[in-house]
Amino acid sequence: MVKRNKNKMNFGPITIMIFIGIGIALLSFLLNKFGFQSYITDPETFETTIVTVKNIFSREGIRYIFGSSISNFRVLEPFAVIVVSLIAVTILEVSGLLSSLCKGIKNVRPATLTFFTLLVSVFSTIVGDYSYAILFPLVAMVYKNANRDPKVGIMTAFIGITMGYGAGFVYNYQDILLGNIAQETASDVLETYLFEPWSMIFIEVVSALVIAILGTILIEKTFSKKYKRVEEKEYIHSPKALATTIGVFVFFMTLIIYSIIPGLPLSGWLLDLGASTYMEKLFGNNAPFREGILVIFLGIALICGYIYGNISRNIKSSKEYNKAISLTFQNTGFIFAGLFFFSIIINILEWTNISEVISLRMINSISQTQMSGIFLIVLVLLLGIIMTILNPSTIHNFTLFAPTLVPLLVRANIAPSFSLMAFKAADSIGKCFTPFYVFFIIMIGFLYKYDTQDEDITLFGTMKKMMPVTLWLTLAWIVIIIGWSLLGIKIGIGVSSTL
């Protein structure tokens, strides 16, 4: 009997994405023919709008695919973000600066490195999606210099950021946007409710620590035996170059920090001074700092990398410096090819309204339930997870979720801030289990970039490798939400889980 080669059936990520796109297209055809639809009610005017699944094989759908595929890819924000971040980290590596900074990290215990990677990943969510772009290449290089497999660092950063999106040590701009939606939708039932940014800080900090500690235990147990150590390339280490570079870095960081402190002479030029709260001034849509984070990161990396490389003689001329920058796109083909195919799939999914109609039908079904207490919270958590798997857009999903379910939970004696916290937990979980999350595709691309062992990296294979970690962290999130609800203690400053 001839033994079959299992690898023959392992389709690559791009092939799988093509299959997923075809599946979505066929599903849109079937659901459209069966008249699959739902309705959405405007919370201000109470007008009801019917939302139907559109058939991508229709004349309008075909025109959309051919007419928008390139333009949709061109405006895909992560594309530009990743390019800028790659340039910055590449020059830090080639100049030898990163190697010099990580010189003592080889003596750090693997579990300690994992813990701090998770902790930094959770904390980095304060800058939103930029955290992925900065940490993926940076953590990969740190792990490489620590003689650990960069792929472990990349997956650790992804788990920390994604599972940590609902947690954190300070609130971020997204919390303000979600809180404003929660306040607006709760006002009809609870007129006195005002969202406060620090209203979830206690549960967020506890969640962040749980993710970092439990995640460390799980990752070390899951990944330590599967991934080999890698050898670091040798660079010239120069104490003089390092001291000079640190001095330049401190100067630029002092200048940046001064520029984001309002009220000082000539300060505040990176802030949106017209915003009401400091976090909005810093990360609001019109804040120069929000758009300039990666430019600042790139600028400091280029200057510090050049200074260290030149003094240490790791980079001997401007020609070598420019050649080093050109190494940015080495082994990055999948990142850009993957993003192109992803942009087509995600735009077909959005145009057909499949995820929106399914989410609205589930929301409308739950709105008629007679459940309350823990059972209602668990139901809402499951709904949030499914919504995120279908469409990982946090603001879009909460805009659908909040008008119906926040008032429902208020009537069940559950505080709006806790409803928001439950949604954030579900959103974090769902993003770890969906192929429709752009940064999951980017993570796969980085795994390819740093793969030196010619491994069989697949879309669902990677998800399966992370599954033991993500499943236990999912259970941890559920226990935190349910436990806090049962205890009825404060989730933040002046706010409890119940009314």
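Residues numbered from 1 in each chain as written. Predicted model: local features only at pLDDT ≥ 70, side-chain atom pairs only at ≥ 80, totals over all residues. Heavy atoms only, no water.

### What about helix α3 (residues 77-94)?
Inclusion rule: Secondary structure counts use DSSP, requiring at least four H or I residues in a row for a helix and at least two E residues in a row for a strand, with both numbered from the N terminus. Between the first and last residue of a helix there are one fewer steps than residues, each counted as 1.5 Å, and that sum is the expected span. Here the term buried applies to any residue with accessible area under 20% of the maximum for its type, exposed to any over 50%, and partly exposed to those in between, with areas from a 1.4 Å probe on protein chains only.
With 18 residues, α3 extends 27 Å from end C-alpha to end C-alpha; this agrees with the ideal 26 Å at 1.5 Å per step. Judged by how many residues are buried, α3 sits mostly within the fold: 14 of 18 residues are covered. Directly beyond the C-terminal end of α3, a positive phi value near 90° is found at Gly96.

### Here we look at helix α14 (residues 333-352)
Look at α14: 29 Å from first C-alpha to last across 20 residues, which is about the 28 Å you get at 1.5 Å a residue. Of all 20 residues making up α14, 14 are buried, and the element is well covered by its neighbours. Just past α14, the residue Asn353 takes up positive phi, approximately 70°.

### Topic: the environment of Glu220
Filter applied, for reference: Here, residues are in contact when the closest pair of their heavy atoms is within 4.5 Å. Nitrogen and oxygen atoms within 3.5 Å of one another constitute a polar contact, given that in protein one can donate a hydrogen and the other can accept it, and given that sequence-neighbouring residues count only through two side-chain atoms.
Note on placement: Glu220 falls in helix α9 (residues 201-223). When the C-alpha atoms of Glu220 and Ala111 are compared, they prove to be 6.4 Å apart, with 109 residues separating the residues in sequence. In contact with Glu220, not counting residues within four places along its chain, are Pro110, Ala111, Thr114 and Arg148. Reaching out from Glu220, the side chain makes a polar contact with the side chain of Arg148 at a distance of 3.4 Å.

### Description of unusual backbone geometry
One non-glycine residue, Arg313, lies in positive phi territory at about 70°. Within the element layout of this structure, Arg313 appears in the loop between α12 (288-312) and α13 (318-326). Even without a glycine there, the phi angle at Asn413 is positive, about 70°. Residue placement: Asn413 occurs in the loop between α17 (394-411) and α18 (416-431).

### Overview of a nonpolar patch on the surface
What counts, and what does not: Nonpolar side chains (Val, Leu, Ile, Met, Phe, Trp, Tyr) are joined into patches within 5 Å and like charges within 9 Å, using only residues with over 30% relative accessible area and no salt bridge. For the accessible areas, the method is Shrake-Rupley and the probe is 1.4 Å, while residue cover comes only from the protein chains on display. Any Lys or Arg side-chain nitrogen located within 4 Å of an Asp or Glu carboxyl oxygen qualifies as a salt bridge.
Judged by side-chain polarity, Phe11, Ile18, Phe19, Ile22, Leu26, Phe29, Leu30, Phe34, Phe57, Ile62 and Phe66 come together as a nonpolar surface patch covering roughly 1,100 Å² of accessible area. Going through the elements one at a time, α1 (13-33) and α2 (59-74) are the ones with two or more residues in the nonpolar patch. Ranked by the residues each element gives to the nonpolar patch, the list is headed by α1, at six residues.

### So, the packing of aromatic side chains
Rules: Stacked, tilted and edge-to-face are the three classes applied to pairs of Phe, Tyr and Trp rings, where Trp contributes its six-membered ring and a pair requires centres within 6.5 Å; stacked means planes under 30 degrees apart, edge-to-face means over 60, and tilted covers the rest.
In this structure the tally under the stated criterion is 25 aromatic pairs. Between Phe136 and Phe446, the ring centres sit 5.6 Å apart and the planes meet at 55°, which makes this aromatic pair tilted. Within this pair, whereas Phe136 is found in helix α6 (residues 130-145), its partner Phe446 is found in helix α19 (residues 438-449), the two being separated by 310 residues in sequence. Judged on exposure class, the residue Phe136 and its partner Phe446 are both buried. With a centroid separation of 4.8 Å and an interplanar angle of 50°, the aromatic rings of Phe398 and Phe423 are classed as tilted.

### Digging into the side chain of Ser38
Among the structural elements, Ser38 can be located in strand β1 (residues 37-41). For Ser38, a relative accessible area of 7% corresponds to the buried category. There is a polar contact of 3.2 Å between the side chain of Ser38 and the side chain of Asn364. Once residues lying within four places of it in the same chain are set aside, the contact partners of Ser38 are Thr49, Ile50, Val51, Val357, Leu360, Arg361 and Asn364.

### Concerning the nonpolar core
When a protein is soluble and globular, its nonpolar side chains tend to lie buried together. Formally: Side-chain atoms within 4.5 Å are what join buried Ala, Val, Leu, Ile, Met, Phe, Trp, Tyr and Cys residues into a set we call a nonpolar core.
Counting 157 residues, the largest nonpolar core has Phe398, Phe440, Met443 and Ile481 as the members making the most contacts within it. The element contributing the most residues to this core is α6, with 11 residues. Residues contacting Phe440, with those up to four places away along its chain left out, are Phe158, Thr434, Pro435, Leu459, Met463 and Met466.

### A look at the packing of helix α16 (residues 373-390) against α17
So the rule is basically this: Axis definition: a line fitted to C-alpha atoms, limited for helices to the stretch in contact. Angles are taken between N-to-C directions and run from 0 to 180 degrees. What sets the label is the angle itself: under 35 degrees gives roughly parallel, over 145 gives roughly antiparallel, 65 to 115 gives roughly perpendicular, and the rest give oblique. The residue classification treats Ala, Val, Leu, Ile, Met, Phe, Trp, Tyr, Cys and Pro as nonpolar and Asp, Glu, Lys and Arg as charged. All others, Gly included, are polar.
Orientation of α16 relative to α17, taken along the N-to-C sense of each, is 170°, at an axis distance of 11 Å. One element, α16, and the other, α17, form an angle in the roughly antiparallel class. Each of Leu376, Val380, Leu383, Met387 and Thr388 in α16 lies in contact with α17, whose residues at this interface are Asn397, Leu400, Phe401, Leu405, Leu408 and Leu409. Per-class residue counts for the contact of α16 with α17 are nine nonpolar, two polar and no charged.

### Here's the deal with the environment of Ser428
Position of Ser428 relative to the elements: it lies in helix α18. Relative accessible area serves as the criterion here: at 0%, Ser428 is assigned to the buried category. For the pair formed by Ser428 and Ile50, sequence separation is 378 residues and the distance between their alpha carbons is 29 Å. Setting aside residues up to four positions removed in sequence, Ser428 forms contacts with Thr162, Met163, Tyr165, Gly166 and Trp477.

### So, the pattern of salt bridges
By the definition in use, this model includes seven salt bridges. Glu220 is the partner of Arg148 in a salt bridge, and the nearest nitrogen-oxygen pair spans 3.4 Å. Taken together, the residues span a long stretch of sequence, with Arg148 in the loop between α6 and α7 (150-163) and Glu220 in helix α9 at a distance of 72 residues. There is no split in this pair, since Arg148 and Glu220 are both buried. For Lys424, the salt bridge identified is with Glu204, shortest N-O distance 2.5 Å. Placement of the pair is Lys424 in helix α18 and Glu204 in helix α9, with a sequence separation of 220 residues. Just as Lys424 is buried, Glu204 falls in that class too.

### Quick word on the confidence of the model for the protein chain
As a reminder of what qualifies: Think of pLDDT as the predictor's per-residue confidence, scored from 0 to 100.
When pLDDT is averaged along the protein chain, the result is 88, and 95% of the positions lie at 70 or above. No element of the protein chain has a lower mean pLDDT than α13, which averages 78, and none a higher one than α7, which averages 95. Scored below 50 in pLDDT, residues 1-7 shows one contact in the model against residues more than four places distant or in partner chains.

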